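Letter by letter, the chains look like this.
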Amino acid sequence: MTSCVRWEILMHERFSDVWICKDFGRATTSADPAELGRAVLGAYLAGRDSRGETFRVVVRTPNGCQTVITAGHLTDPGWKADPAIRQALPAYLRNALA
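Because the structure is a prediction, the values reported are computed rather than measured.

1. Here's the deal with the pairing of strand β3 (residues 54-60)
Next, step 1: In the sheet, strand β1 (residues 3-13) pairs with β3 via seven bridges, with the strands oriented antiparallel. The residue of β3 that forms the bridge with Arg 6 is Arg 60.
Next, step 2: In this structure, β3 lies alongside strand β4 (residues 66-70), joined through five bridges in antiparallel fashion. Bridging from a neighbouring strand, Arg 60 pairs with Gln 66 of β4.
Next, step 3: The hairpin turn running from β3 into β4, its antiparallel successor, is five residues long, and Gly 64 in that turn takes a positive phi close to 95 degrees.

Okay, here's the thing in structure tokens:
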């Protein structure tokens, strides 16, 4: 079922122990929210020097459910973002996964 999901890319600020929003977006898709979150986080971290920083993505569905994706969810060496999910992303994230 196609729905509009929202996501936030958050960075943990360790000195104040708060999560800071670095980016956000939304997509109308039938993709699994966890897979969408993996694609968003993977694309955001691609090509960035994120040593010492902790990032996560929170994906929210219209029915109020949320999924939290961390870098630990990206460790499967065989994982690759589905082409249909990549198409649901904004161009700057889609291009980072290419």
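Picking up after the structure, the text goes on.
2. Side note on the sheet that holds β3
Think of a sheet as strands paired side by side through backbone hydrogen bonds, with each pair either parallel or antiparallel.
Next, step 1: Within the open sheet, the four strands sit side by side as β2-β1-β3-β4. Their pairing is antiparallel. If you trace the sheet from one side to the other, it starts and ends with β2 (18-29) and β4, each paired once. Each neighbouring strand pair of the sheet contributes to a mean axis angle of 20 degrees, computed without reference to strand direction.
Next, step 2: The pairing of β1 with β2 spans 11 bridges and is classified as antiparallel. The residue bridging Leu 10 from the neighbouring strand is Cys 21, located in β2.
Next, step 3: Along the sheet face, helix α1 (residues 33-45) touches β1, β2, β3 and β4 and points at about 145 degrees away from the line of β3.

The rules we used
Residues numbered from 1 in each chain as written. Predicted model: local features only at pLDDT ≥ 70, side-chain atom pairs only at ≥ 80, totals over all residues. Heavy atoms only, no water. Pairing = 2+ DSSP bridges. Helix = DSSP H or I, 4+ residues; strand = E, 2+ residues; numbered from the N terminus. Axes fitted to C-alpha atoms, helices over the stretch in contact; angles between N-to-C directions. Contact = heavy atoms within 4.5 Å.

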